[in-house]
Structures are given as structure tokens and as C-alpha cells.
Amino acid sequence: MVIATVPTTDCEDRDRPSVLTIRGTADAHVPFAGTPDAVADEAARSGCDPTPRVEAPAPGVERTRFVG
């Protein structure tokens, strides 16, 4: 699933989707603020490690991953 916002889901544990959100700080339509909380909430519902891995794969790019 690739989305602009993170929906709340009631999926069964065996049906939990992978989630990818892409946000930009200059996006006037989908605000950057709040994304980490929404993704962290979805990761917690899916049983992922609550401590994200934060990486910088390129200058000006930050990748945050919840694994498990």
C-alpha cells in the first residue's frame, strides 16, 4: 500500500499490509507534520518494534523504518 495518509485499519493480524508513506516538507496539500505519529501507530498495531530505524540514504533525505 502506498498512500498519502495512513488510514486506520481493522485488518486481521495475518492480513496486515506493508505501509509506505512519502512526505515532503514543501507539500502544501499533505502536511509533513504528524506523519511519524501516524506511522508509529500503524507499526504498533502491526506488532513492529516501537523504536524506528532512522537512516539518511542521501543528502536531505530521511528514512524511518519500523521493522518486525
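Above this text you will find the structure in question.
It should be emphasised that the depicted structure is a prediction, and the values quoted were computed from it without experimental measurement.

A. Molecular detail of the overall build of the chain. Summing up its helical and strand segments, the chain has 1 helix and 4 strands in all. Counting from the amino terminus, the chain carries its helices and strands in the arrangement β-β-α-β-β. With 68 residues in all, the chain has 16% of them scored as buried. Within the chain, residue pairs in contact and separated by at least 24 positions form 22% of the contacts whose partners lie at least 6 positions apart. With the model as given, the accessible surface of the chain reaches about 5200 Å², and the carbon-plus-sulfur share is 54%.

B. Representation of the pairing of strand β4 (residues 61–65) in the model. The pairing of strand β3 (residues 53–58) with β4 spans 4 bridges and is classified as antiparallel. By the bridge assignment, Ala58 is partnered in β4 with Val61. As consecutive antiparallel partners, β3 and β4 are separated by 2 residues, and within that stretch Gly60 has a phi angle of approximately 80°, a positive value.

C. How the structure looks around the environment of Cys48. Residue position: Cys48 is located in the loop between α1 (35–45) and β3. Put simply, Cys48 and Val67 are 19 residues apart on the chain and 5.3 Å apart in space, counted from C-alpha to C-alpha. The residues contacting Cys48, other than those within four sequence positions of it, are Ala43, Phe66, Val67 and Gly68.

D. Looking closely at the pattern of salt bridges. Counted by the stated rule, this structure contains 3 salt bridges. For Glu42, the salt bridge identified is with Arg45, shortest N-O distance 2.8 Å. Taken together, the positions of Glu42 and Arg45, both in helix α1 and 3 residues apart, correspond to about one turn of that helix. Glu55 is paired through a salt bridge with Arg65; the nearest N and O atoms lie 3.7 Å apart. One end of the pair, Glu55, is in strand β3; the other, Arg65, is in strand β4, with 10 residues separating them in the sequence.

Quick notes on the rules
- Residues numbered from 1 in each chain as written.
- Predicted model: local features only at pLDDT ≥ 70, side-chain atom pairs only at ≥ 80, totals over all residues.
- Heavy atoms only, no water.
- Helix = DSSP H or I, 4+ residues; strand = E, 2+ residues; numbered from the N terminus.
- Buried < 20%, exposed > 50% of the residue type's maximum accessible area, 1.4 Å probe, protein only.
- Contact = heavy atoms within 4.5 Å.
- Areas by Shrake-Rupley, 256 points an atom, 1.4 Å probe, with all protein chains shown as cover.
- Pairing = 2+ DSSP bridges.
- Salt bridge = Lys/Arg side-chain N within 4 Å of Asp/Glu carboxyl O.

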